[in-house]
Amino acid sequence: MAGDPRGGASTADLNGGGVRGQPTNRPPSPTTLVTYHGCDQNTNISGMKREGGAYTEVGVLWRNNERGQTDRRLRSAEHRATPELTHKMGTKVIYFTVNGIPEQAEFPVDCPDQDVKDLFRSAAEAGPHDILKLYSPKGSIINISTSLEPNSPISCYRLEVVATDCTNEPLGAEMADLSSIEKRLQCLERQIQVVDGKTPSVVFEMKKQVDSFREKLENVEHLSWLGLFKDLSEGTHKPSPFYHKRTLQKTREECERVREKFLQMSSLEVSEDVRHYLKTPTFDNWQWEDAEIMVLLQVMYTDLDFIATFNIELEALQQFLFEVYRRYNNIPFHNFKHCFCVTQMMYGLIWLTDLRSKMDSINLLIMLTSAVCHDLDHTGYNNAYQINAQTDLALRYNDISPLENHHCAVAFEILQRRESNIFRNLSVDQYKRIREGIIKCILATDMTRHTKILNKFKSILPSFDFTNKEHKDLLMMILIKVSDISNEARPMEVAEPWLDCLLQEFFNQSDVEKLEGLPVTPFMDRDKVTKPSSQIGFIRFVLLPLLIELTKLFPCLKHHIIEPVRKALDYYTEMEKALEREQQVWTQSENVARSNEEDDGQDHPNSK
Ligand SMILES: [Zn+2]
C-alpha cells in the first residue's frame, strides 16, 4: 500500500515518520482504517517506543480531522501490533462507503475474521450489538471476513448499519460493557506505568474515546439511527422524551410520577390566555410535558361543557385520562403527544367551525373522545407490517384494520372499568350511541379507507344537511381524519419535529422488515426516502385534497388550515430543489476527484 497515489494512511506512515508527518496534499480524504496484528516485540507507534513489552492493539482507525492532520484511535487491546512485520506479510485493501462517505480498510491477509468485523464496525461507528451489512456494487450482500475480495475505489462496497438489536434492553447492559472497557483501560494503564513510569498520551486518547462513546450512548436511542441523530445535550425545543426511552410500555414509576404531578396541577386554574390558545391550530405541543397535557385535556372536556352536560365526575375523567396516558407507548410518533395533538386539532376545529351550534353535544363528545383514544397501544408498526408479519393483532382481526380495531378495543377496555368510565352516568341508549360513534370514528383513521370515505363525503357535500345522521357521521369521520394527519397545518417549528419522529418510526419498521425478510414499504425505506420526498406527495395528493373538501363546507377554515399547508408544500419543494443541487455538486466533485486520480495513476505507473 505504500504506493497508494491518494496518500491514504499506509503502513509506511507508521514507521518512523509518525502520524502527523503524512502528506497533506491528498483530496478531501476518506477515512482509512488499518488493522495490524503480529508478534514482534518492538513497536513504534506515534513516536512511542516499547521494548520487550507486549504492546497490544488490534485495529487502528485513521481519520483525517478538519485540519487535514491524521488523528489516530486505538480500538481495542487484544493482539500485538507490528507494522513492519505486517507490511512484509502482505495486506488487503478494501474500499467502501458508509453513509456515502468513502472509507478504506487495510488488514493483513491472515488476521482473524473478528478483527475485520471490528474494523468495519469502527468505520460505521456501530455499537457492539448493531448489525452490519456489506453490499457489493451490484447490491448483493457480502460476508465481512478476511477473505473479502479486494476492490478499487471505483468498485467500492457499501457498508450499512441495518438495525440495532435493542429488544427492550435497558441502557444498563450497554453501560456495563462500557465499564468493563474502562476497567481494562485502567489495567492497561497500570501495566504501561510499570514499564515506562509514565502514562503515554495514547492512553489518554483511549480514555477520551470511552468518554465520548458513553456520551453517545446516553444521548441517542439507537446508534443505528445515524441519519437521524438527536443530541439531547443542546437546545430545549426538542421532541425529545422518546429518544432515550428503553421500554415500549411506560414503567409503573413513570406513570405514578406523571399521575401525581397531574393530580397536583389539575386543581390549579388554567389561565384564560392558555384556554384561548388551546382553541387554535397554532398551539405548540412541544412546550408541555405529559402531566400538563393531561390538564389541558381536562380543560377541553370542561370548556365544551361535557362535565356538566353528561354529569362526568371529575375523578372518573382524571382516571380515564391517566389510563389513556398509560396505554400510549414510548414510540417516536404514535405516542401520547400525538394523541394530544390530534385531540387539540379536533378541539380547535370544533371551535373554529362553531360546531356546537350545528351538532348535538353527544356528537362532539364522541369526536373528542375518539381523538383521545384513536391510537391507544400503538406499537410503532403499521397495518401492512401487522398483516405481513402475521402478528397477533392481524390474526385476531383477520387482517381488517388490525390496529384501529385494537385502539378501539383498548379504549372500551378502559371505559369498561367503573373508575375510569367517563360515561357511567349516561343512559344505556346514550352509551350505545357513543360506542357506535367512537368505533366509527376510530376505524375511519385507517388510511386504506381514505379514498372511499373522501369520495363519499364529496358526493354528499352539495346537499349537506346537519339534520341527516349519515351526513353528520361522515363529517365526524372526515374531522378525525383531518385532525389525525394535519400536523402540516401547524407552524413549521411545531410540525417539522413531528416529521422527524414519523420518519424515525418508519425507518425502524423498514429496518425490521428487511431483517425479517418481509416486504418493505417504499415510503418507509431509509434508502429511498428524504424529508421533502416524503412530504411533497403526501401534502399534494392526500392532505390538500382532503382539506379542500372540508373547507367547502367550512370556508372559514381556509385561512387556518389550507394556507399553512400550502406554505409547508412550498417549503419542502424548496428543500427538495436544494437537495438536488447539493447532489449535483457532490457528483461533479466526485467526478473531478476521480479524473484527478486517473491522472495521478498515469504519472505514477508503478503506483498500483
Ligand atoms: Zn393517529
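Residues numbered from 1 in each chain as written. Predicted model: local features only at pLDDT ≥ 70, side-chain atom pairs only at ≥ 80, totals over all residues.

Under an unreviewed UniProt entry, the name given to the protein is Phosphodiesterase, and the source organism is Oryzias javanicus. In the Catalytic activity (unreviewed entry) part of its UniProt record, the protein is described as follows: "3',5'-cyclic GMP + H2O = GMP + H(+)". (UniProt positions renumbered as here; feature names shortened; annotations may be inferred.)

> Quick one: what's the story with the overall build of the protein, residue by residue and with numbers?
The secondary structure content of the protein amounts to 21 helices and 10 strands. Taking all 608 residues of the protein together, the buried fraction comes to 34%. The contacts of the protein with a sequence gap of at least 6 include a subset with a gap of at least 24, amounting to 71%. (Helix = DSSP H or I, 4+ residues; strand = E, 2+ residues; numbered from the N terminus. Buried ≥ 20, exposed ≤ 12 C-beta atoms within 10 Å, placed from the backbone. Contact = placed C-beta atoms within 7 Å.)

> An account of the UniProt feature "binding site: Zn(2+) 2" (unreviewed entry) in the protein is needed here, citing residue identities and associated values.
Cross-referencing UniProt, the feature "binding site: Zn(2+) 2" (unreviewed entry) maps to Asp 375 in the present numbering. Tracing the chain through its elements places Asp 375 in the loop between α12 (361–373) and α13 (383–388). Setting aside chain neighbours within four positions, we find Asp 375 in contact with His 334, His 338, Cys 339 and His 407.

> If you had to explain the packing of helix α8 (residues 290–303) against helix α10 (residues 314–326) to someone new, which residues and values would you point to?
Packing of α8 against α10 leaves a shortest axis separation of 10 Å and a crossing angle of 135°. Here α10 runs oblique to α8, going by the angle between their axes. For the pair α8 and α10, the crossing hand works out as right-handed. Between α8, through Asp 290, Met 294, Leu 297, Gln 298 and Tyr 301, and α10, the contact on the second element is made entirely by Leu 317, Leu 321 and Tyr 325. Residue composition of the contact of α8 with α10, by class: six nonpolar, one polar and one charged. (Axes fitted to C-alpha atoms, helices over the stretch in contact; angles between N-to-C directions. Parallel < 35°, antiparallel > 145°, perpendicular 65-115°, else oblique. Left-handed = near helix turned anticlockwise from the far one by under 90°. Nonpolar A, V, L, I, M, F, W, Y, C, P; charged D, E, K, R; others polar.)

> Pulling in residues and values, what's your account of the packing of helix α17 (residues 450–460) against helix α18 (residues 469–485)?
Contact geometry for α17 and α18: axes closest at 10 Å, N-to-C directions at 130°. By the criterion of interaxial angle, the relationship of α17 to α18 is oblique. The two elements α17 and α18 cross, and the hand of that crossing is left-handed. On α18, the residues touching Ile 453, Lys 456, Phe 457 and Ile 460 of α17 are His 471, Leu 474, Met 477, Ile 478 and Lys 481. Counted by class, the contact of α17 with α18 contains six nonpolar, one polar and two charged residues.

> Account for the pairing of strand β6 (residues 91–98), with residues named and values stated.
Consecutive side chains along a regular strand alternate between the two faces of the sheet. Direction of pairing for β6 relative to strand β7 (residues 101–108): antiparallel, over a ladder of eight bridges. Paired with Val 93 across the bridge in β7 is Glu 106. Between the end of β6 and the start of β7, which pair antiparallel, lie two residues, with Asn 99 showing a positive phi angle near 55°. (Pairing = 2+ DSSP bridges.)

> Break down unusual backbone geometry for me, with residues and values.
Despite not being glycine, Asn 99 has its phi angle at roughly 55°, a positive value. Positionally, Asn 99 belongs in the loop between β6 and β7. With 13 C-beta atoms counted inside 10 Å, the residue Asn 99 sits in the partly exposed group. Residues other than glycine seldom take positive phi values, yet Asp 377 does so here, at roughly 60°.

> Describe the nonpolar core, listing the residues and the values that go with them.
Ranked by internal contacts, the top residues of the largest apolar core, which has 71 residues, are Met 346, Met 367 and Leu 368. Ranked by residues supplied to this core, first place goes to helix α11 (residues 336–352) with 10 residues. Once residues within four sequence positions are removed from consideration, Leu 368 is found in contact with Met 300, Leu 304, Thr 343, Met 346 and Tyr 347. Counting 17 residues, the second largest nonpolar core, distinct from the first, contains Ile 94, Ala 105, Ala 124 and Val 161. (Core = buried A, V, L, I, M, F, W, Y, C linked by C-beta atoms within 7 Å.)

> Residues and numbers for α18, please.
Helix length check: α18, at 17 residues, gives a terminal C-alpha distance of 25 Å against a target of 24 Å (1.5 Å per residue), a fit within 8%. Taken residue by residue, α18 has Leu 474, Leu 475, Met 476, Met 477, Ile 478, Leu 479, Ile 480, Lys 481, Val 482, Ser 483 and Ile 485 as its buried positions. Buried-residue contacts for α18 involve α11, α12, α16 (428–443), α17 and α20 (531–553). (Expected span 1.5 Å × (residues − 1).)

> Can you tell me about helix α15 (residues 402–416), naming the residues and giving the values?
When the terminal C-alpha atoms of α15 are compared, their 21 Å separation across 15 residues agrees well with the 21 Å that a helix rising 1.5 Å per residue should span. When we look at burial in α15, the residues that qualify are Pro 402, Leu 403, Glu 404, His 406, His 407, Cys 408, Ala 411, Ile 414 and Leu 415. Looking at the buried residues of α15, the elements they touch are α10, α12, α13, α14 (392–396) and α16.

> Could you give me a rundown of the confidence of the model for the protein, with the residues and numbers involved?
Residues at a pLDDT of 70 or more form 70% of the protein, whose mean pLDDT is 77. Scored below 50 in pLDDT, residues 165–176 makes 10 contacts in the model with residues more than four places away or belonging to other chains. (pLDDT = per-residue confidence, 0-100.)

> Please provide a residue-by-residue account of the environment of Arg 396, values included.
Within the secondary structure layout, Arg 396 lies in helix α14. Under the C-beta neighbour-count criterion, Arg 396 is labelled partly exposed, with 13 such atoms within 10 Å. Arg 396 sits 10 residues away from His 406 along the chain, and the two C-alpha atoms are 9.2 Å apart.

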